[in-house]
Amino acid sequence: MQIVHTPAALREVLHAYHSPAFVPTMGNLHSGHLNLVTLAKPLGDVTVASIFVNRLQFAPHEDFDTYPRTLQADCDKLAAAGCDVVFAPAEADLYPVPQTFKVTPPTALADILEGHFRPGFFTGVCTVVMKLFQCVFAEARGPRYAVFGKKDYQQLMVIRQMVEQFALPITIVGGETQRADNGLALSSRNGYLSSEQREEAAALSISLRSLGHAAQALLSAHTAGADVALQALERVALEQLNARGWKTDYLTVRRRSDLQTPQAGDALVALGASRLGNTRLIDNIEIQ
Ligand code: PAF
């Protein structure tokens with residue numbers, strides 16, 4: 001496996017290939033990331049992972065400075081997973097001058113849910129992903145794939161729309177969320193949790209699953225006032241989680257296609273973000 005740090009070095013390495021399959025990450029890798037690499041491997045003739053903690057998507061009060069940087073351990077895991085090339089730029093390699101050009105996603109999708117509680121987050125994500133795509137796919141002459149985890153459900157939708165609207169010749173693939181035995185979605189930020197908190201953290205996915213099923217039953221009953229009743233279900237779910245010691249930003253059920261309020265017959269996804277101690281966890285469950 002080759003490890004390169006600059007866009008120029010990456011291009012030089014990738015010149016020998018036609019079809020990169022790309023997995024962007026911020027490092028501190030767990031088996032959820034490695035599963036994305038496994039998904040990517042058959043999609044191209046070279047598998048590329050990036051490791052870059054992107055300052056642009058962190059608000060000043062968030063954990064940019066303390067976000068774990070574990071490059072050597074990450075590279076060992078990526079090599080074992082069969083990754084061919086790691087792109088691990090320093091900040092000055094990717095942002096040699098302040099990144100004043102930005103990619104701003106539409107407010108209807110990007111200023112709700114995560115974007116509401118983390119203003120500017122999706123602009124930071126889109127800007128770095130667009131730039132990483134330029135670096136990784138610059139030399140490609142065949143099909144181009146990029147793989148993102150469904151755990152960041154809204155991020156995956158934003159990236160899909162960005163690729164579509166900019167007519168980027170890249171196919172976006174979503175990888176299923178990997179979970180611990182108790183249902184806790186794997187996340188780099190789980191490393192911040194104590195062992196008791198890890199046990200308690202399962203409550204987020206349990207709460208989303210039961211909220212999602214209650215919403216589905218409500219909507220399929222086709223009764224008037226389902227919107228108001230759904231809001232009441234969401235409020236109760238939030239209060240129940242908070243009563244266990246969480247501080248919840250949102251627990252909600254949305255239509256999968258655009259993350260807006262669902263109507264009867266829509267495919268549903270339950271999404272949530274909540275803080276356990278100082279750790280903010282997000283999760284989602286597609287309701288079948
Ligand atoms: O999901 C992530 O880890 C990040 O948001 C991403 C896509 C690597 C961009 O920094």
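Before reading further, recall that the structure is shown in the block above.
Residues numbered from 1 in each chain as written. Predicted model: local features only at pLDDT ≥ 70, side-chain atom pairs only at ≥ 80, totals over all residues. Heavy atoms only, no water.

(A) Geometry of the site of the ligand. Residues in contact with the ligand, as listed here, are Pro24, Thr25, Met26, Asn54, Gln57, Val125, Val128, Phe148, Asp152 and Gln155. Side-chain polar atom of Gln57 to an oxygen atom of the ligand: 2.7 Å apart, as the coordinates give it. Side-chain polar atom of Gln155 to an oxygen atom of the ligand: 2.8 Å apart, as the coordinates give it. Burial of the ligand by the protein chains amounts to 89% of its free accessible area of 290 Å². At the level of elements, strand S2 (20-25) and helix H7 (121-137) are the ones that each hand at least two residues to the shell around the ligand. (Near = heavy atom within 4 Å. Polar contact = N/O pair within 3.5 Å; in protein donor to acceptor, adjacent residues only side chain to side chain. Areas by Shrake-Rupley, 256 points an atom, 1.4 Å probe, with all protein chains shown as cover. Helix = DSSP H or I, 4+ residues; strand = E, 2+ residues; numbered from the N terminus.)

(B) Examining the nonpolar core more closely. The biggest cluster of nonpolar side chains holds 48 residues, and the ones touching the most others in it are Leu10, Phe133, Ile159, Ile172 and Leu259. Here this core gets 12 residues from one element, more than from any other, and that element is H7. Leu208, Leu251, Leu268 and Ile285 belong to the second largest nonpolar core, which has 23 residues in total. (Core = buried A, V, L, I, M, F, W, Y, C linked by side-chain atoms within 4.5 Å. Buried < 20%, exposed > 50% of the residue type's maximum accessible area, 1.4 Å probe, protein only.)

(C) Spotlight on helix H10 (residues 202-220). Between its terminal C-alpha atoms H10 stretches 28 Å, which fits the 27 Å expected from 19 residues at 1.5 Å a residue. Of the residues making up H10, those classed as buried are Ala202, Ala203, Leu204, Ser205, Ser207, Leu208, Leu211, Gly212, Ala215, Leu218 and Leu219. Against the buried residues of H10 lie helix H9 (195-200), helix H11 (226-243), strand S7 (247-255), strand S8 (268-276) and strand S9 (279-287). Phi for His222, located one or two positions after H10, is positive at around 55°. (Expected span 1.5 Å × (residues − 1). Contact = heavy atoms within 4.5 Å.)

(D) Examining the pairing of S9 more closely. In terms of burial, S9 is a largely internal element, eight of the nine residues being buried. In the sheet, S8 pairs with S9 via nine bridges, with the strands oriented antiparallel. Directly across from Ala270, in S9, lies its bridge partner Ile285. (Pairing = 2+ DSSP bridges.)

(E) Seen up close, the packing of aromatic side chains. Overall, the coordinates contain nine aromatic pairs when judged by the stated rule. Centre to centre, the rings of Phe58 and Tyr67 are 5.9 Å apart; their planes meet at 75°, and the pair counts as edge-to-face. On the basis of relative accessible area, Phe58 is assigned to the buried category, the value being 10%. Feature note: the residues Phe22, Phe133, Phe137 and Phe148 constitute an aromatic cluster, connected by ring pairs. (Phe/Tyr/Trp six-rings, centres within 6.5 Å; stacked < 30°, edge-to-face > 60°.)

(F) Summary view of the packing of H7 against helix H8 (residues 153-165). With their axes 11 Å apart at the nearest point, H7 and H8 run at an angle of 55° to one another. Taken together, the axis directions place H7 and H8 in an arrangement best described as oblique. H8 is crossed by H7, and the crossing has right-handed handedness. Within the contact between the two elements, H7 uses Phe121, Phe122, Val125, Cys126, Val129, Met130 and Phe133 and H8 uses Gln154, Gln155, Val158, Ile159, Met162 and Val163. A class-by-class count of the residues in the contact of H7 with H8 yields 11 nonpolar, two polar and no charged. (Axes fitted to C-alpha atoms, helices over the stretch in contact; angles between N-to-C directions. Parallel < 35°, antiparallel > 145°, perpendicular 65-115°, else oblique. Left-handed = near helix turned anticlockwise from the far one by under 90°. Nonpolar A, V, L, I, M, F, W, Y, C, P; charged D, E, K, R; others polar.)

(G) Broad picture of unusual backbone geometry. The residue Leu113 is not glycine, and still its phi comes out positive at about 50°. If you trace the backbone, Leu113 turns up in the loop between helix H5 (107-110) and helix H6 (114-117). Notably, Ala167 is not glycine yet its phi reads approximately 50°, a positive angle. Mapped onto the elements, Ala167 comes out in the loop between H8 and strand S6 (171-175). For Ala167, a relative accessible area of 62% corresponds to the exposed category.

(H) Quick look at the pairing of S7. Counting buried positions along S7 yields seven of nine residues, so the element is predominantly enclosed. Here eight bridges tie S7 to S8, and the two strands are oriented antiparallel to one another. Along S8, the bridge assignment pairs Tyr250 with Ala273.

(I) Region of interest: the sheet that holds S2. Pairing within the open sheet is parallel, and its six strands lie in the order S1-S4-S3-S2-S5-S6. Whereas interior strands pair on both sides, the edge strands pair on one side only; in this sheet they are strand S1 (2-4) and S6. Taking each pair of neighbouring strands and ignoring which way they run, the sheet shows an average axis angle of 25°. On top of the sheet, helix H1 (residues 7-14) reaches S1, strand S3 (46-51) and strand S4 (85-87); it is set at about 160° to S4, its chief contact.

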